[in-house]
Amino acid sequence: MLDLKLIREKPEVVRESLARRREFAPLDEILALDESRRKVLAETEAFRARRNEVSKQIGKSGQKPRELIAEMRSVGDSIKSLEEEISSIESQLTDLTLRIPNILDPSVPDGEDASDNKLVRVGLDPRDLGFTPKPHWELGEALGIIDFERGVKISGSRFYLLKGMGARLQRALIHFMLELHICEHGYREIYPPFMVKKECMVGSGNLPKFADNLYHDAEEDFWFVPTAEVPLTNLHRDEILEPGTLPLYYVAFTACFRREKMAAGKDTRGMKRGHQFDKVEMYKFVTPETSDGELEKMVDNAEDVCRRLGLPYRVIQLCSADIGFASKKSYDLEMWAPGSDEWLEVSSCSNCGDFQARRANVRYRPSADAKVQFPHTLNGSGLALPRVFIAILENYQQADGSIVIPEVLRPFMKAEVIA
RNA sequence: GGAGGGAUCGCAUAGUGGUCUAGUGCGGCCGCCUGCUAAGCGGUUACCCUGAGUAAUCGGGGUCAUGGGUUCGAAUCCCAUUCCCUCCGCCA
């Protein structure tokens, strides 16, 4: 959520950012509501001050002066009706404000859509396999490690199941990624709930605007996490972090649930885009001055996974029109999948500035006598599993259809090849 | 799911309709004192909104789990919700 004062004092900054995102938000309406809220609030508080003063008098005197009590009764009525007015204004105001995306970082390139994203670097070049590579859905089914048909039988379209060495590969990847981030990159492991309260979704920025991509229980206030970013953002909700606490680095493995209401076709073939997928997520709470550098470090932590797995990848900076709602600056990591013949997004690393911290009301005290401030939050996949799974199958496939297991995974797999 | 108990300033507690500007102890912070000790003395101790001011700051309002209600006035009375504890039931 943006600071209302920023909208009030520098609406042009907000407008410019919105225009770059190719988005619209009713700023004039927000400003008008804000002004009337403050006006009505001033009136209410004047009445309250009067009531406090008189009540104290009555209390001290021990008398029951009729006139004053009569006056206070009408003052009470006025307060009540003004309060109703304020709460109605406030609910409109917050509803509108919560739908405004974050202000873009100046370094974000301008663009109309995803095709304007900027290539930052190629980490590892795709290599020639020396034969025509097969897509993972063919490889996986032939090896008996991915079962699309039974996934659909059990849960419907966009579900699959992993079997034998497939399931083991998935588990090995999770283990490998967690260990890397914990032991070498300094993150602390968190195992969070996979279902959260509505407020958490508001805190992370998924609600109110993106309800149609979320699963939730109809009877209880349980929302299925679309990413571990949601529970991690809310880990310190309504807290004030003591001096010396920052930076905080967290890493969590969760399943992720998304409705992904898009038509079936090339974009959803195989295990690329299911309703449920596994992901290891990195998350940071940092001081504002350090967040730019922390984003670069986080991207490097994600790249490290790609490097160690020996998978071709590149780093993209998202342009103004493609960047996420809560983010002010984002990089995506894409892995090359030779069988599917495309670059697959395996990570998105974002600096959200104080946007999520405001929503989730996470604050910190820079030093013992300093005023509280909002920290900056960053999130990044490290990495999203199914697409890494795909990349391993398609890049490590042999002419005979077997898969050589990347060296770093062998200790977890207790095997060198899937055949 | 059923029955009962509880929720107060970082922690522990006091407070059962107006003097609560929420007291006290511990802890924290700032001084002072003491040639030693987890010693003593004094002060201080949250957050949000809003108005004035360049600012330090000052004024007003709000917050005793949350939301409603009763009342001139609510930490205190009433109702609902949430969470925690105890017991019963069920259950990996």
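These remarks concern the structure in this document. Remember, predicted model here, so these are calculated numbers, not experimental data.

**Things to note about the overall build of chain A**
Okay, step 1: A count of helical and extended segments in chain A gives 13 helices and 16 strands.
Okay, step 2: With the principal axes as the frame, chain A shows a C-alpha extent of 100 × 45 × 40 Å.
Okay, step 3: Each of the 419 residues in chain A was classed as buried or not, and the buried ones make up 49%.
Okay, step 4: Nonlocal contacts in chain A, meaning residues at least 24 apart in sequence, comprise 74% of its contacts between residues at least 6 apart.
Okay, step 5: For chain A, the exposed area adds up to about 20000 Å²; of that, 50% sits on carbon and sulfur atoms.
Okay, step 6: Averaged over its 58 positive side-chain charges, chain A has a centre that lies 4 Å from the centre of its 67 negative ones.

**Topic: the environment of isoleucine 392**
Okay, step 1: Its location among the elements puts isoleucine 392 in helix H12 (residues 385-395).
Okay, step 2: Residue classification places isoleucine 392 among the buried positions, given a relative accessible area of 1%.
Okay, step 3: Separated by 71 residues in sequence, isoleucine 392 and alanine 321 place their C-alpha atoms 31 Å apart.
Okay, step 4: Not counting the four nearest positions on each side in its chain, isoleucine 392 is found in contact with Leu169, Leu173, Leu311, Gln397, Ile403, Pro406 and Leu409.

**Considerations on helix H10 (residues 291-309)**
Okay, step 1: Taking 1.5 Å of rise per residue, 19 residues should cover 27 Å, and H10 covers 28 Å from first to last C-alpha, within 8% of that figure.
Okay, step 2: Within H10, the full set of buried residues consists of Ser291, Glu294, Leu295, Met298, Val299, Asn301, Ala302, Glu303, Asp304, Val305, Cys306 and Leu309.
Okay, step 3: One or two steps after H10, the chain reaches glycine 310, where phi turns positive at roughly 65°.

The rules behind the values
- Residues numbered from 1 in each chain as written.
- Chains lettered and ligands numbered in written order.
- Predicted model: local features only at pLDDT ≥ 70, side-chain atom pairs only at ≥ 80, totals over all residues.
- Heavy atoms only, no water.
- Helix = DSSP H or I, 4+ residues; strand = E, 2+ residues; numbered from the N terminus.
- Buried < 20%, exposed > 50% of the residue type's maximum accessible area, 1.4 Å probe, protein only.
- Contact = heavy atoms within 4.5 Å.
- Areas by Shrake-Rupley, 256 points an atom, 1.4 Å probe, with all protein chains shown as cover.
- Lys, Arg positive; Asp, Glu negative; His and termini not counted.
- Charge placed at Lys NZ, Arg CZ, Asp CG, Glu CD.
- Expected span 1.5 Å × (residues − 1).

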